[in-house]
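Chains, contacts and geometry: an overview
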Amino acid sequence: VQLQAFGGGLVQAGGSLRLSCVAAGRSFSTYAVGWFRQAPGKEREFVAAVNWSGGGRYYADSVKGRFTISRDNAKNTVYLQMNSLKPEDTAVYYCAAKSSRAIATMGQDDEYDYWGQGTLVTVSS
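A brief structural summary. (Residues numbered from 1 in each chain as written. Predicted model: local features only at pLDDT ≥ 70, side-chain atom pairs only at ≥ 80, totals over all residues. Heavy atoms only, no water.)

1. A look at the overall build of the chain
Along the backbone of the chain there are zero helices and 11 strands. When the helices and strands of the chain are listed from N to C terminus, the series reads β-β-β-β-β-β-β-β-β-β-β. The C-alpha atoms of the chain give 13 Å as radius of gyration, which agrees with the globular expectation for 125 residues (14 Å, within 12%). When the 125 residues of the chain are sorted by exposure, 43% land in the buried category. For the chain, the exposed surface amounts to about 6300 Å²; the carbon and sulfur share of it is 46%. Of note, the chain has its 13 positive side-chain charges centred 8 Å away from the centre of its 10 negative side-chain charges. (Helix = DSSP H or I, 4+ residues; strand = E, 2+ residues; numbered from the N terminus. Rg over C-alpha atoms; globule rule 2.2 N^0.38 Å. Buried < 20%, exposed > 50% of the residue type's maximum accessible area, 1.4 Å probe, protein only. Areas by Shrake-Rupley, 256 points an atom, 1.4 Å probe, with all protein chains shown as cover. Lys, Arg positive; Asp, Glu negative; His and termini not counted. Charge placed at Lys NZ, Arg CZ, Asp CG, Glu CD.)

2. Digging into the environment of Ala49
For Ala49, the location among the structural elements is in strand E5 (residues 45-50). Accessibility expressed as a relative area gives 0% for Ala49, which makes it buried. Sequence separation between Ala49 and Val33 is 16 residues, and the spatial gap between their C-alpha atoms is 5.6 Å. Not counting the four nearest positions on each side in its chain, Ala49 is found in contact with Val33, Gly34, Gly56, Arg57, Tyr58, Ile69, Met106 and Tyr112. (Contact = heavy atoms within 4.5 Å.)

3. Comments concerning the packing of aromatic side chains
Counted by the stated rule, this structure contains five aromatic pairs. Taking the centre distance of 5.8 Å and the plane angle of 75° together, the rings of Tyr31 and Tyr114 count as edge-to-face. Of this pair, Tyr31 sits in the loop between strand E3 (17-24) and strand E4 (32-38) while Tyr114 sits in strand E10 (residues 114-115), and the two are 83 residues apart along the sequence. Using a relative accessible area of 12% as the deciding quantity, one classes Tyr31 as buried. On the numbers, 5.1 Å between centres and 80° between planes, the contact of Phe36 with Tyr112 is edge-to-face. With Phe36 in strand E4 and Tyr112 in the loop between strand E9 (91-98) and E10, the pair connects residues that are 76 residues apart, well separated along the chain. On the basis of relative accessible area, Phe36 is assigned to the buried category, the value being 1%. Cation over ring: Arg44 sits above Trp115, and NZ or CZ is 4.0 Å from the ring centre. The ring of Phe28 is capped by Arg71, whose NZ or CZ atom sits 4.8 Å from the centre of that ring. (Phe/Tyr/Trp six-rings, centres within 6.5 Å; stacked < 30°, edge-to-face > 60°. Lys NZ or Arg CZ within 6 Å of the ring centre and 35° of its normal.)

4. Here's the deal with the pairing of E4
For E4, a buried count of six out of seven residues is recorded, marking the element as mostly surrounded by other parts of the structure. Here E4 runs beside E9; their pairing, made up of seven bridges, is antiparallel. Residue Arg37 lies in a different strand from E9, and its bridge partner there is Tyr93. Looking at chain direction, E4 and E5 are connected through five bridges and run antiparallel. When the sheet's bridge partners are listed, Phe36 is paired in E5 with Phe46. (Pairing = 2+ DSSP bridges.)

5. Regarding the state of the cysteines
Scanning the entire structure with this criterion turns up one disulfide. Residue pairing for Cys21: its cysteine sulfur links by disulfide to Cys95, the two sulfurs lying 2.2 Å apart. Disulfide Cys21-Cys95: the torsion about the S-S bond is 70°, which places it as right-handed. Of this pair, Cys21 sits in strand E3 while Cys95 sits in strand E9; the two residues are 74 residues apart in sequence, bridging distant segments of the chain. Accessibility classification places Cys21 together with Cys95 in one group, the buried group. (Disulfide = S-S within 2.5 Å.)

The structure is reproduced here in structure tokens:
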């Protein structure tokens, strides 16, 4: 599975962006997909994940109520709608896919098998 992340950019605090993760390859609909981010000088952290069907969604506490993850398996795409953005959301955002359906590992980056190239989100104050 090959992943490409799109949609990053510069936005003012309080604004919105929608990231897209487009997959190439068979059986994308069988993979869980997660979004992670890495800010300058910080470790990569979990943001959100969605299970293979789209019925299970998981969020980091820092983005609950502001970000929404969804997927369209017919388009091989996972979305991350980001609202009420804050300067601390500034980071490179990566999407990743994992074949395991274990819910407990949704937030663990070392459980993901495939990674996209990342897209930069900058939120100005």
